[in-house]
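The residues making up each chain are set out below.
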Amino acid sequence: MNIEAVEVFQARVARHAALADPARLRIVDLLTLGDFSPTELQAELGMPSNLLSHHLRTLEEAGLAKRHRSEADRRRSYFRLARDAFEGLVPGIAHDARRVLFVCTRNSARSQLASALWRQASAIPSASAGTHPADSIAAGAVEAARRHGLDLPDVAPRALDEVADEADFIVTVCDNAHEELVGLGGIHWSVADPLRVDTPAAFDAAFEDIAHRVTGLAARVVAA
């Protein structure tokens, strides 16, 4: 066995060992759907903060989870699943939905891209909305979509209360929207706001992040 194969094998061992604990397996199941802050995980699991910190550190060390700071409140952090976390492993949660509703603040970039990408990946209908909608879709989002062979519909951003239905499976793709909509339910993707930088690279990064997440979620959501 060569050195590289040994390293890969040890990484798999560490991941299996980390997942052998019921609490850590539950955390990973949650992270397969979206990003969570430690406070949100603590509320979901009913676990003391010191024990949760231990489990999260173990998941980080095993390469299963990563931590990053919120763009809205820099004191808050979110945990997300590592992209290669499930090499040889299968997540254990599935959902059904009549429609998937993607939500961000302005409904001008991330939620629009997510909804368009979802229509390519799944037969389940999708829509998008914003908590404080802009006047128009961001030019950078339209250009990024075009670079990746995706056409964004020529529609004005819409407000969440005009679009949402109680049967929607909601995915927030913006930290501000997620933290504003306390108790909304659904899942959260902590996607960096490309408009903060407003460069083609920033929009491409957001596009690729969302595309990766849409592909993963679409395989695990069935029509209600």
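Residues numbered from 1 in each chain as written. Predicted model: local features only at pLDDT ≥ 70, side-chain atom pairs only at ≥ 80, totals over all residues. Heavy atoms only, no water.

Participant: How do you make sense of the packing of aromatic side chains when you look at a structure like this?
Facilitator: The way to describe two aromatic rings as a pair is by their centre distance and the angle between their planes. Counted by the stated rule, this structure contains 2 aromatic pairs. Aromatic pair Phe 102 and Trp 189: ring centres 5.9 Å apart, planes at 45 degrees, arrangement tilted. With Phe 102 in strand 4 (residues 100-104) and Trp 189 in the loop between strand 7 (187-188) and helix 9 (194-197), the pair connects residues that are 87 residues apart, well separated along the chain. An aromatic cluster is defined as three or more aromatic residues linked by ring pairs; in this entry it consists of Phe 102, Trp 118 and Trp 189. (Phe/Tyr/Trp six-rings, centres within 6.5 Å; stacked < 30°, edge-to-face > 60°. Helix = DSSP H or I, 4+ residues; strand = E, 2+ residues; numbered from the N terminus.)

Participant: Would you mind going over the state of the cysteines with me for this structure?
Facilitator: Working definition of a disulfide: a covalent bond connecting the sulfur atoms of two cysteines. Applying the stated criterion to the full structure yields 0 disulfides. The cysteine Cys 104 is free of any disulfide, with Cys 174 supplying the nearest cysteine sulfur at 5.8 Å. Judged by relative accessible area, Cys 174 falls into the buried class, the value being 1%. (Disulfide = S-S within 2.5 Å. Buried < 20%, exposed > 50% of the residue type's maximum accessible area, 1.4 Å probe, protein only.)

Participant: It is not clear to me how the environment of Glu 44 should be interpreted in this structure. Could you clarify?
Facilitator: Along the chain, Glu 44 falls in helix 3 (residues 38-45). In this structure the C-alpha to C-alpha distance between Glu 44 and Leu 30, which are 14 residues apart in sequence, comes to 9.3 Å. If we ignore the near neighbours within four places in the chain, the residues touching Glu 44 are Arg 26 and Leu 30. (Contact = heavy atoms within 4.5 Å.)

Participant: Where do I start with unusual backbone geometry in this structure?
Facilitator: Leaving glycine aside, a negative phi is the common case for residues, and trans is the common case for peptide bonds. For Asn 107, which is not glycine, the phi torsion reads 50 degrees and is therefore positive. With respect to the helices and strands, the residue Asn 107 is situated in the loop between strand 4 and helix 5 (110-121). Asn 107 gets classed as buried once you look at its relative accessible area, which sits at 1%. A positive phi angle, near 55 degrees, is found at Asp 198, a position not held by glycine.

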